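Take a look at the letters that make up each chain.
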Amino acid sequence: MDRTIAENGIKMLITGTFIDEISHDIPHQNWGPTEWAQDFKYMKAAGIDTVIVIRCGYRKFITYPSPYLTKTFGCYEPPLDLIDLFLTLAEQHDMTLYFGLYDSGIYWDTGNLQQEIDANTFVIEEVWKKYGHRKAFKGWYLSTEISRKTKGAIEAFHGMGSMCKSISNDLPVFISPWIDGKKAVLAASNNLNKQDAVSLKEHEAEWEEIFAGIQGAVDAVAFQDGQIDYHELADFFTINKKLADKYALQCWTNAESFDRDMPIKFLPIKFEKLKLKLEAAKKAGYDKAITFEFSHFMSPQSAYIQAHHLYNRYLEYKNNY
Amino acid sequence: MDRTIAENGIKMLITGTFIDEISHDIPHQNWGPTEWAQDFKYMKAAGIDTVIVIRCGYRKFITYPSPYLTKTFGCYEPPLDLIDLFLTLAEQHDMTLYFGLYDSGIYWDTGNLQQEIDANTFVIEEVWKKYGHRKAFKGWYLSTEISRKTKGAIEAFHGMGSMCKSISNDLPVFISPWIDGKKAVLAASNNLNKQDAVSLKEHEAEWEEIFAGIQGAVDAVAFQDGQIDYHELADFFTINKKLADKYALQCWTNAESFDRDMPIKFLPIKFEKLKLKLEAAKKAGYDKAITFEFSHFMSPQSAYIQAHHLYNRYLEYKNNY
Amino acid sequence: MDRTIAENGIKMLITGTFIDEISHDIPHQNWGPTEWAQDFKYMKAAGIDTVIVIRCGYRKFITYPSPYLTKTFGCYEPPLDLIDLFLTLAEQHDMTLYFGLYDSGIYWDTGNLQQEIDANTFVIEEVWKKYGHRKAFKGWYLSTEISRKTKGAIEAFHGMGSMCKSISNDLPVFISPWIDGKKAVLAASNNLNKQDAVSLKEHEAEWEEIFAGIQGAVDAVAFQDGQIDYHELADFFTINKKLADKYALQCWTNAESFDRDMPIKFLPIKFEKLKLKLEAAKKAGYDKAITFEFSHFMSPQSAYIQAHHLYNRYLEYKNNY
């Protein structure tokens, strides 16, 4: 894993983005290969060297033709092999692609992580056989989004991370959990905040246990940065970095480029907020910044025009500040 | 009623669209005659030969200058005669226009359908006198959206359908009810699903009763296709077609081009989902596909940019697949 | 305060707009100085002569570099001095700028208005020292949004209004309260209506008390026009004007250009609705129409494309009707 942090001054630059083509909650843009080719150009121009396929499938919708998933979960044949497309575009732009595992939805419905592990045992093998030789395939992303209260998270992450590393000659693995902060509410909820946010002390104790348990099977942790308030960033980020260092994990930030403070869930974030979050990560000594995600919320061709301006504001910041 | 189904292979092509100018829940685009003229060109290029005015009025907002509705319901004088506009544009493009009846809102507020029947007795007469001679005026749409539990639905549909047919020398009449499936939640609800979805067996029994009761007064039924899950389409569509055949109704699909699975209610659907739904209708032997609706969710000039890409994806599918 | 009402016929034209750069609930457009310069040109072309900065700060986000707010409330240094920018643009276009006071958020959290008064005592002084000499700085806006049930509203408005007037040689002050009507629901609520709307009689009695109490400290009142139904406009507006006249207040309308009737909160309003509201204000003899707000909901460069068409519809109305 390259360290691609902007070292100059207070700025932390975004060098990676999720690709959210099988989405939980962000409406689809209906792009074809032409639009994706253009978007990778925009990403490159913004300094992005890493793309992460957020999940290779969710319930019955999948990104690549998978005999296993079609047979076992009744998944629909995708109109296009998106994994091949994204690998090809990443290779054209000399980017790294992280591959996100399958999310069956069973965990969301039942709280049981075992079936996610079982399914991904087969998916990892199938995918590695199909795409493991590709130049841009340089890592894995454990797509299960957990937080402190997720039962069985340590076993799941340790198990899936180990499988990924073992089949791929130790390619790096990362996770992107959420902080159980005041804005940690469901997208479908009409609330913006909740009362029972985690305390700093609980956060530290619980994640220390998780980090200890996943050591060796996971290389980097990219906490989502949107569930806490802006003035809480410094404290939480300090703890995250301290824990990551202790357990030899790289500490990335998942700088959310959508706005959690608004009734429309979700539109692009105000640039000032993104800047606050990135600079807090820099100050805490984080290793890399990725974002969820470029194509809806920061791209000059996004369906959300606010994103076009966010791209310009971000590039001004990156280049001239 | 022409049958305009694409007969080639697995594809079912959309040949009709609602026009949602007096909307319950879709924000207005503020188009004038110029934008509408352009949109009919886009529709024509996409293979649409049928437009359906979803309702000629809703509560106090109406589409045409109506002495009756203004006097009786205090409706506002419309800035433009939209019925004349849409008829003119339909005539220019050799399209069929179905006229949607008035929705007073009283049924939504009180559960009482009698006033919808009473009001439309006058509306049908007024409208037929005003626009019945127009070349494109070729059918009626009973705008009351019902489902299985709607009390008095049979009497209302039979009554209004008979009035329409009798005044217009038997012009065709259609309805577009919803399946009471897991996604049948109110637009204003923050939920995406509900627990008490109808079973296949209940659906069949209840709609058999309704179809039997409306026979002769209704010519086609276009179930909305968005309230059930994608893997349920085959079963429900098979029943719908079987029942429609039994009661000599044409069986259309109302292929919703907006996405019911997302927290923003509503933006354009992912093309892959629309394709799954259309092909399920084709497989079940449906007679025609219409959509709710082209101008917001599929038009190259929609305020939702996702729609521009959906148009391109759909045209690629239509022309080249 | 100029009276800039269109006197011709039934039309009431919009001559002022809020600028909502520190927003509660409208996602940010990420505009820089270039986009703002363009937007003021569009405003001017639409007949706008007055801009109102809705609030100079909200919680920790502020519009201008404020030693006081940074020290006292831990506010973030703004990337840009927006007050200077808006004053400069207003001066270029010969417009009047009203300055909106600070909203600490404490009142929203606790119901206590005292801290809003205390904070603004310092803000008013700081701002007047910094910007009071600017040519376009011609008035104050008390940004606390109240309604009839707000405890302590009279004291707060009287106190803050008096401070503004006293430091600035009696520059005009206005407020923009909301009518506690059926659509007065929180933006984050999934409801569109509520049951316990205020009656006309209660509205009159309660606002008579408030107007009596703020007399002398406030010059104009611009009720928000979106919380009541369209057919209620005439009655409420008549009362508002009668009360305003009685207590020597100018009576403005805050014509909301977003749509409160739709599940997406909020997108641009249907022009027909805006027209109904403006003409009701004209009929009631209102003095001026402002809108919340031009840049998101009526601008030809808004991120909401519906706004581009609303601009065209409005200009057609303004120029040719």
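Placed above this text is the structure.
Residues numbered from 1 in each chain as written. Chains lettered and ligands numbered in written order. Predicted model: local features only at pLDDT ≥ 70, side-chain atom pairs only at ≥ 80, totals over all residues. Heavy atoms only, no water.

Draft legend 1. The arrangement of the pairing of strand S11 (residues 288–292) of chain B in detail. All names here are of chain B. The element S11 is extensively covered by neighbouring structure, given that five of its five residues are classed as buried. Side chains Lys288, Ile290 and Phe292 project from S11 onto one buried face, and the interleaved Ala289 and Thr291 project onto a second face that is buried too. Of the strand pairs in this sheet, strand S1 (residues 14–19) and S11 are connected by three bridges, and their pairing is parallel. When the sheet's bridge partners are listed, glycine 16 is paired in S11 with isoleucine 290. Pairing of strand S10 (residues 250–256) with S11, which is carried by five bridges, proceeds in the parallel orientation. Note on S11: the bridge partner recorded for threonine 253 is alanine 289. This β-α-β element, S10 to helix H9 (residues 271–283) to S11, shows right-handed connectivity. (Buried < 20%, exposed > 50% of the residue type's maximum accessible area, 1.4 Å probe, protein only. Helix = DSSP H or I, 4+ residues; strand = E, 2+ residues; numbered from the N terminus. Pairing = 2+ DSSP bridges. Right-handed = clockwise from strand over helix to strand, strands pointing away.)

Draft legend 2. The arrangement of helix H3 (residues 82–92) of chain A in detail. All names here are of chain A. Of all the positions in H3, only Leu82, Ile83, Leu85, Phe86, Leu87, Leu89 and Ala90 are classed as buried. Packed against the buried residues of H3 are strand S1 (14–19), helix H1 (33–45), strand S2 (50–53), strand S5 (96–100), helix H5 (114–131) and strand S7 (137–141). N-capping of H3 is provided by aspartate 81, with a side-chain oxygen placed 3.1 Å from the backbone N of isoleucine 83. Looking one or two residues past H3, aspartate 94 carries a phi angle of roughly 55 degrees, positive in sign. (Contact = heavy atoms within 4.5 Å. Polar contact = N/O pair within 3.5 Å; in protein donor to acceptor, adjacent residues only side chain to side chain.)

Draft legend 3. Layout of the sheet that holds strand S8 (residues 173–175) of chain B. Residue and element names in this part refer to chain B. With respect to topology, eight strands assemble into a closed barrel ordered S1-S2-S5-S7-S8-S9-S10-S11, the strand pairing being parallel. The sheet shows a mean angle of 30 degrees between the axes of neighbouring strands, direction not considered. Both strand S2 (residues 50–53) and strand S5 (residues 96–100) contribute to a ladder of four bridges, which runs parallel. Across the sheet, residue threonine 50 finds its bridge partner in S5, namely threonine 96. (Axes fitted to C-alpha atoms, helices over the stretch in contact; angles between N-to-C directions.)

Draft legend 4. Geometry of the relation of the copies chain C and chain B. Each copy superposes on the other: chain C lies on chain B with an RMSD of 0.0 Å after a rotation of 120 degrees and an axial shift of 0.0 Å. In the structure described here, the two chain copies are related by an operation that fits a three-fold rotation axis. With a heterologous cut-off of 20% or less, the 15% of interface residues of chain C that recur at the interface of chain B puts this contact in the heterologous class. (Least-squares fit on C-alpha atoms with pLDDT ≥ 70 in both.)

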